[in-house]
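Residue strings, one per chain:
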Amino acid sequence: MSAVSAEEETPEMKVAPEEEVPAAVADQVVEAGEEAEVAADAPQDGAAKKKKKRKKKKKNANAAANGEAAATEEVEDGNAVEEGNDGEKEENDDGEAAGGATAAAGGEGKKKKKRNRKKTKVQTNPPTIAVNKLFAAGKFPHGQEVEYNNPKDDRTGKDRISSEEKKNLDTSYEDMWQDFRQASEAHRQTRQFMQEYIKPGLTMIEIVEKLEETSRMMIAENKLEAGLAFPTGCSLNNCAAHYTPNAGDKTVLTYDDVCKIDFGTHVNGRIVDCAFTVAFNPKYDVLLEAVKDATNSGIKHAGIDVPLNEIGEIVQETMESYEIELDGKTYPIRPIRNLSGHSIGQYRIHAGKTVPIVKGGDKTRMEEGEVFAIETFGSTGKGYVHDDMETSHYMKNFDLATSRVNLRLPRAKKLLHVINQNFGTLAFCRRWLDRLDQSKYLMALKNLCDTGVVDPYPPLCDIKGCYTAQYEHTIILRPTCKEIVSRGADY
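Residues numbered from 1 in each chain as written. Predicted model: local features only at pLDDT ≥ 70, side-chain atom pairs only at ≥ 80, totals over all residues. Heavy atoms only, no water.

**Q** Just checking my understanding: could you explain the packing of aromatic side chains for this structure?
**A** Here a ring pair, both rings aromatic, is described through the centre-centre distance and the interplanar angle of the planes. Across all of its chains, the model carries nine aromatic pairs by this definition. Plain terms: the ring middles of tyrosine 471 and tyrosine 491 are 5.6 Å apart, the flat faces sit at 70° to each other, and that makes the pair edge-to-face. Highlighted residues: tyrosine 471 in strand 20 (residues 468-477) and tyrosine 491 in the segment after strand 21 (482-484), separated in sequence by 20 residues. Each member of the pair, tyrosine 471 as well as tyrosine 491, is classed as buried. (Phe/Tyr/Trp six-rings, centres within 6.5 Å; stacked < 30°, edge-to-face > 60°. Helix = DSSP H or I, 4+ residues; strand = E, 2+ residues; numbered from the N terminus. Buried < 20%, exposed > 50% of the residue type's maximum accessible area, 1.4 Å probe, protein only.)

**Q** Help me understand the packing of helix 11 (residues 410-422) against helix 13 (residues 442-450) in this model?
**A** Any two packed helices are characterised by how steeply their axes cross, that is the angle between the axes, and by the distance between the axes. Closest axis-to-axis distance for the helix 11/helix 13 pair is 8 Å, and the angle between their directions is 80°. Considered as vectors, helix 11 and helix 13 are oriented roughly perpendicular to each other. Across the interface between the two elements, Arg411, Ala412, Leu415, Leu416 and Ile419 from helix 11 touch Ala444, Leu445, Asn447 and Leu448 from helix 13. Here the contact of helix 11 with helix 13 is built from residues that sort into seven nonpolar, one polar and one charged. (Axes fitted to C-alpha atoms, helices over the stretch in contact; angles between N-to-C directions. Parallel < 35°, antiparallel > 145°, perpendicular 65-115°, else oblique. Contact = heavy atoms within 4.5 Å. Nonpolar A, V, L, I, M, F, W, Y, C, P; charged D, E, K, R; others polar.)

**Q** Quick question: what am I supposed to make of the nonpolar core here?
**A** When a protein is soluble and globular, its nonpolar side chains tend to lie buried together. Membership of the largest hydrophobic core comes to 58 residues, with the highest contact counts inside it found for Met204, Ile261, Met366, Phe372 and Ile475. Per-element accounting of this core gives the leading share, six residues, to helix 9 (residues 285-301). Not counting chain neighbours up to four residues away, the residues in contact with methionine 366 comprise Ala302, Gly303, Ile304, Asp305, Val306, Leu308, Ile311, Lys353, Val355, Phe372, Ile374 and Leu477. With 23 residues, the next largest nonpolar core counts Trp177, Ala226, Phe230 and Ile349 among its residues. (Core = buried A, V, L, I, M, F, W, Y, C linked by side-chain atoms within 4.5 Å.)

**Q** Is there a simple way to explain the sheet that holds strand 16 (residues 393-396) in this structure?
**A** Think of a sheet as strands paired side by side through backbone hydrogen bonds, with each pair either parallel or antiparallel. An order of 17-16-18 is seen for the three strands of this open sheet, with the pairing classed as antiparallel. At either margin of the open sheet sits one strand with a lone partner, and together these are strand 17 (428-429) and strand 18 (454-457). Of the pairings in the sheet, the one linking strand 16 to strand 18 comprises four bridges and is antiparallel in character. Along strand 18, the bridge assignment pairs histidine 393 with tyrosine 457. (Pairing = 2+ DSSP bridges.)

**Q** Would you take a moment to explain helix 9 for this structure?
**A** It helps to recall that an α-helix has 3.6 residues per turn; residues three or four apart then point in one direction. Under the 1.5 Å per step criterion, the end-to-end length of helix 9 is 24 Å for 17 residues, consistent within 8% with the ideal 24 Å. Within helix 9, the full set of buried residues consists of Leu287, Leu288, Ala290, Val291, Ala294, Thr295, Ser297, Gly298 and Ile299. (Expected span 1.5 Å × (residues − 1).)

**Q** Which parts of the structure should I look at to understand the pattern of salt bridges?
**A** Following the criterion strictly, the structure yields 19 salt bridges and no others. Residues glutamate 212 and arginine 431 are paired through a salt bridge, measuring 2.9 Å at the closest nitrogen-oxygen approach. Note that glutamate 212 is positioned in helix 8 (residues 204-219) and arginine 431 in helix 12 (residues 430-435), a separation of 219 residues in sequence. Summarising the burial analysis for this pair, glutamate 212 and arginine 431 share the class buried. As a salt-bridge pair, lysine 446 and aspartate 450 come within 3.0 Å of each other at their nearest N and O atoms. Taken as a pair, lysine 446 and aspartate 450 lie in helix 13 at a separation of four residues, close to a single helical turn. Taking the relative accessible area as the measure of exposure, lysine 446 reaches 48% and is therefore partly exposed. What emerges from the salt-bridge pattern is a single network uniting Glu145, Asp170, Glu174, Arg181, Arg478 and Glu483. (Salt bridge = Lys/Arg side-chain N within 4 Å of Asp/Glu carboxyl O.)

**Q** Looking at this structure, I do not really get the packing of helix 9 against helix 10 (residues 308-319). What am I missing?
**A** Interaxial distance between helix 9 and helix 10 falls to 8 Å at its minimum, and their mutual angle equals 150°. Between helix 9 and helix 10, the angle is such that the two are roughly antiparallel. Crossing hand, helix 9 versus helix 10: right-handed. Taken together, the residues of helix 10 that come into contact with helix 9 (itself represented by Ala290, Val291, Asp293, Ala294, Ser297, Gly298 and His301) are Glu310, Ile311, Ile314, Val315, Thr318 and Met319. Grouping the amino acids of the contact of helix 9 with helix 10 by side-chain chemistry returns seven nonpolar, four polar and two charged. (Left-handed = near helix turned anticlockwise from the far one by under 90°.)

**Q** So what exactly am I meant to see when it comes to the side chain of asparagine 309 here?
**A** Here asparagine 309 is to be found in helix 10. According to the relative accessible area criterion, asparagine 309 is buried, its value standing at 15%. In this view, asparagine 309 contacts Pro356, Gly360, Gly361, Asp362 and Lys363; residues no more than four positions away in its chain are not counted.

So, in structure tokens, the structure goes:
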């Protein structure tokens, strides 16, 4: 049927007065009339909608041409919200939008929330944001990863990298590796700042306190879960190691000093031990270069199944290939033979194995999964150090950590409790006891040393008038490769 209403059709039908229209026929007539009404109204509604749509499209187009804003901004819950038809497309010939999606959704005037994307945090200067906030996902930068070098079998390193078994084993230790990497990143950012901060004229206490303050922020210090692994060493000139100023020390850094900055960080007892040397006078450059080269040579040769004595031989050969001229006199650069690198354990800075820096010594081999501090010391003196000056470094005896020791002095018992709570088996210094509001503790500390519960580590010095330098990195002998985890852009 065409679009004709039922009211116009009904009078045309002739019905005999004596006959009744069957009910079924009447229903058909009514239904036909209703369909006719709908059909008649449909084109009118469709035309009106199309007209209205064209009118709105034209209005928006005019607004855009006149440079009027098609969107407004609101603030909802503290976030910016944009309104309007972003991305509206031009009409096609049939009057419909090319995309169709906006029109289908009821298009115009729809509110769209702007995505609240988190901005990547950037470190401040001076650094104040902990590295676990900068890397919120808990994935920290890897150190330098190097294939194992085996001169007798060049396939050894390649096989480890490609081996699925070694890859799976390496992945199973990922949480441990991330602890080391977090500690290393904190170390890198701290030393990067300190290399700019350290200047002649500063007292040694100012230097170490600024370094430790920064390092505590970077590592997000939390008692024994994360913090400083040992006191900051800042040994000067002929003093090679284990010097940090005690309270009242007025030593000032000068232009002609050679200062070794040695500090460590840890996360869950996974220690990163790393050191560098600061010298302002360029006449010491050769000394620093020789020690840095020797350290890198030792790192290069280190690896799984490598005998420790071989590393010492390579370090010595590298360092002794240099000599330095100071004030018109030439000095050979010697490795300090009674100092060495060492293995590192959880909450244990010296885990038992030593890495010599001269030939000879222990033929024990490095093993998979071990962590080592490869450090070398060079000297223009005798190349041998002895105890000297006032002791500042102390550390609880690891072997007696779980043993019960009878202490008679009540003050010694109290001090031991403070050490256990704050340092455990990690090294500490007298300044750190002062920081914990401990006072009149020297007698108690001496008693702990006399009983063997705590070991003192006095400064180690070569002959007076000579100069010493130090460089150090921490390496992890992972199943797949060797990772110099503390490596940075500086050294």
